[in-house]
Amino acid sequence: MKEPKVQVGIMFEPEIEFTLLTPYRINGQEITGDEKVICRDGKVVWQGNAYDEITFEPLDESHSEFELKGVTIGINFHWERKENQRFEGALKFIVENDKLTAVNVIRVEDYLTSVISSEMSATASPELLKAHAVISRSWLLAQIQKNKEIAAQHTDYSAYTLTDTEMIRWYDREDHTRFDVCADDHCQRYQGITRASTAAVREAIAATRGQLLMYDGQICDARFSKCCGGAFEEFRYCWEEKDMPYLVKQADSKSGVALPDLTIEEEAVKWILTSPEAFCNTTDKKILSQVLNNYDQETTDFYRWKVSYTQEELSALILRRSGVDYGQIIDLVPVARGTSGRLWKLKIVGTKKTLTIGKELEIRRTLSPSHLYSSAFVVEKGETNADGVPSSFTLIGAGWGHGVGLCQIGAAVMGEKGYKYDEILKHYFVGADLEKMYE
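Okay, so let's go over this structure. Only a predicted model underlies this, so the values are computations on that prediction, with no experimental measurement involved.

Turning our attention to the pattern of salt bridges. Evaluated as defined, the whole model comprises 22 salt bridges. The salt bridge partner of Arg86 is Glu67, with a shortest N-O separation of 3.1 Å. Residue Arg86 is located in strand S8 (residues 81-87), and its partner Glu67 is located in strand S7 (residues 66-73); the two are separated by 19 residues in the primary sequence. Take Arg86: its relative accessible area is 35%, and that puts it in the partly exposed class. Classification of Glu67 by relative accessible area gives buried; the value is 12%. In this structure, Glu109 engages Arg137 in a salt bridge whose closest nitrogen and oxygen atoms are separated by 3.0 Å. One end of the pair, Glu109, is in helix H1 (residues 108-119); the other, Arg137, is in helix H2 (residues 126-153), and 28 residues separate them in sequence. The same class applies to Glu109 and to Arg137, which are both buried. One continuous salt-bridge network, built from bridges that share partners, spans Glu65, Glu67, Lys69 and Arg86.

Turning next to helix H8 (residues 408-416). Most of H8 sits inside the fold, with 8 of its 9 residues counted as buried. By the burial criterion, the buried members of H8 are Gln408, Ile409, Gly410, Ala411, Ala412, Val413, Met414 and Gly415. Of the residues trailing H8, Gly418 is marked for its positive phi of about 100°.

As a rule of thumb, nonpolar side chains are buried together in soluble globular proteins. Counting 96 residues, the largest nonpolar core has Phe56, Leu68, Phe93, Tyr111, Tyr428 and Phe429 as its most contacted members. When residues in this core are grouped by element, the largest group, 10 residues, is from H2. The contact partners of Phe56, leaving out residues within four places of it in the chain, are Phe18, Leu20, Tyr24, Arg25, Ile26, Ile31, Trp46, Ala90, Leu91 and Phe93. Core analysis: the next-biggest nonpolar cluster, separate from the first, contains 20 residues, Met167, Leu332, Ile363 and Phe377 among them.

This part takes up the sheet that holds strand S15 (residues 218-219). Reading across the sheet, the 3 strands line up as S15-S14-S24 and stay open at both edges, with antiparallel pairing between neighbours. Only two strands of the sheet have a single neighbouring strand rather than two, namely S15 and strand S24 (433-436). Strand direction decides the pairing type here: strand S14 (residues 211-215) and S24, joined by 4 bridges, are antiparallel. In the sheet register, Met214 faces S24, and the bridge partner there is Asp433.

By the definition in use, this model includes 17 aromatic pairs. Ring-pair connections join several aromatic residues into one group, and the members of that group are Tyr24, Phe66, Phe87, Tyr111 and Tyr190. A cation sits over an aromatic face here: Arg223 above Trp239, 4.2 Å from the ring centre. Arg304 extends its terminal NZ or CZ atom over the ring of Tyr303, reaching a point 4.4 Å from the ring centre.

Take the environment of Glu119 next. Within the element layout of this structure, Glu119 appears in helix H1. A relative accessible area of 3% places Glu119 in the buried class. Distance in space between the C-alpha atoms of Glu119 and Asp185 is 8.8 Å, their sequence separation being 66 residues.

In strand S6 (residues 54-58), alternate side chains face the same way, and those of Ile54, Phe56 and Pro58 are buried while those of Thr55 and Glu57 on the opposite face are not. Pairing between S6 and strand S9 (residues 90-96): 3 bridges, direction antiparallel. Of the residues in S9, the one forming a bridge with Ile54 is Phe93.

The next thing to look at is the side chain of Gln408. Residue placement: Gln408 occurs in helix H8. A polar contact is formed between the side chain of Gln408 and the side chain of His132, at a distance of 2.8 Å.

Let's shift gears to the state of the cysteines. Working definition of a disulfide: a covalent bond connecting the sulfur atoms of two cysteines. Applying the stated rule across the entire model yields 0 disulfides. As a non-bridged cysteine, Cys39 has Cys182 as the owner of its nearest cysteine sulfur, 19 Å distant. Not engaged in a disulfide, the cysteine Cys227 finds its nearest cysteine sulfur in Cys280; these two sulfurs lie 3.8 Å apart.

How each quantity is defined
As a convention, each chain's residues are numbered from 1 in the sequence order in which they are written. This being a predicted model, a pLDDT of at least 70 is required before a residue's local features are given, and a value of 80 or more before pairs of side-chain atoms are given or counted; all residues contribute to the totals for chains, interfaces and linings. Only hydrogens and water are set aside when side-chain values are computed; all heavy atoms of the structure are taken into account. Each salt bridge in this description consists of a side-chain nitrogen of Lys or Arg and a carboxyl oxygen of Asp or Glu lying within 4 Å of one another. Numbering of helices and strands starts at the N terminus; helices are DSSP runs of H or I of at least 4 residues and strands are runs of E of at least 2. For the exposure calls, accessible area comes from a 1.4 Å probe over protein chains only, and a residue counts as buried if that area is under 20% of its type's maximum, exposed if over 50%, partly exposed in between. Only buried Ala, Val, Leu, Ile, Met, Phe, Trp, Tyr and Cys residues count toward a nonpolar core, and they belong to the same one when joined by side-chain atoms within 4.5 Å. Contact definition: two residues touch when any of their heavy atoms are within 4.5 Å. Should DSSP find at least two bridges between two strands, the strands are taken to pair. Under the pairing criterion, centres of Phe, Tyr and Trp rings, with the six-membered ring standing for Trp, must be within 6.5 Å; the plane angle then separates stacked pairs below 30 degrees from edge-to-face pairs above 60, leaving the rest tilted. A ring is scored as having a charge over it whenever the NZ atom of a lysine or the CZ atom of an arginine sits within 6 Å of its centre and within 35 degrees of its normal. In the analysis that follows, any N or O atom pair within 3.5 Å is treated as a polar contact, provided that within protein one partner can donate a hydrogen and the other can accept it, and provided that, for residues neighboring in sequence, both atoms belong to side chains. By definition, disulfides here are pairs of cysteine sulfur atoms that lie within 2.5 Å.

What follows is the structure, encoded as structure tokens:
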């Protein structure tokens, strides 16, 4: 197996301005400088000509650079913003949903150098950087393989069940059918060479080149999130009901203390309302700065957190985010939790409608203007009026993200404590092995 290339969807706009900073080739001609493409009648229009898709290929792949103007980062998150970003490799434009998609075609190891620098500070410990290189490479190549299976079998990896009383939906990377992954947190945060990499990042990539996490002859679906909240979530409670033997219930700790059964409501409540010992239970700014970029550090509470809404705020928010008119919100009732205490079914009781929703990302999207930190929360209600309608709701929660696979903050702490990268990986991916798949 030789080193593959990956196609990364960067931005999605009706028109896109870009600059070719080194020589590129298209239609047999060499081109550099400022350019613009627009979407018109389902075509890519460049220099007055319409194309189904166009690709700008670098003359020298080892020395190539282009800049995209106004790339949105942190899509739908509280820190969403636009910035100009620079990339290496080829630049392709396609049309999807009446918009242009800018796609960067780049070698996997070059892609990983950016991902590690974009996902966390390049000053992270060497062992954390190596661990993240392996999981990012593994997740990416597993995703590319999965996309091939979808194309061959016409399989749908995103689904929902909808009845009069229940709407359970999960989201995976299935909506990327014409490129492999996107550049935002929906897949892996990728910002090209905008975030300067360091020698440490490049050394971590080189030291693990071609290494993948494997289980029973298959590439591991190596998920990761910012903070598990002290307990790992299982795959089935976030995505399709499928067992991943290496993504199992476990405490984010080596203390030997047994993890309570957080699928039991009483145990989950006790867990969330306390602050159990865990690798990711840290406020050490030195460690956090290794994992969190400047805009991520705008979030200060993530191991345990609290969000409050008035009745008016919550009922308007749920209507806006879900499109469902529940009326005034009477209750948010936990129905089913996963192994980390994250809710994967939540009943919303309103004066006009009652509906159980899930899975975890659907819950997080419904109860926040962007994304709730996690679905591991308990609900405290304010005083009720004569009609039984609470004046307010407070969500007290644990963790940041879905909690499946590697916990970035926990892994950072493990790196600081002297654990090697293979030990970190085997803590979060139980029973998995490291194998070198290409030189």
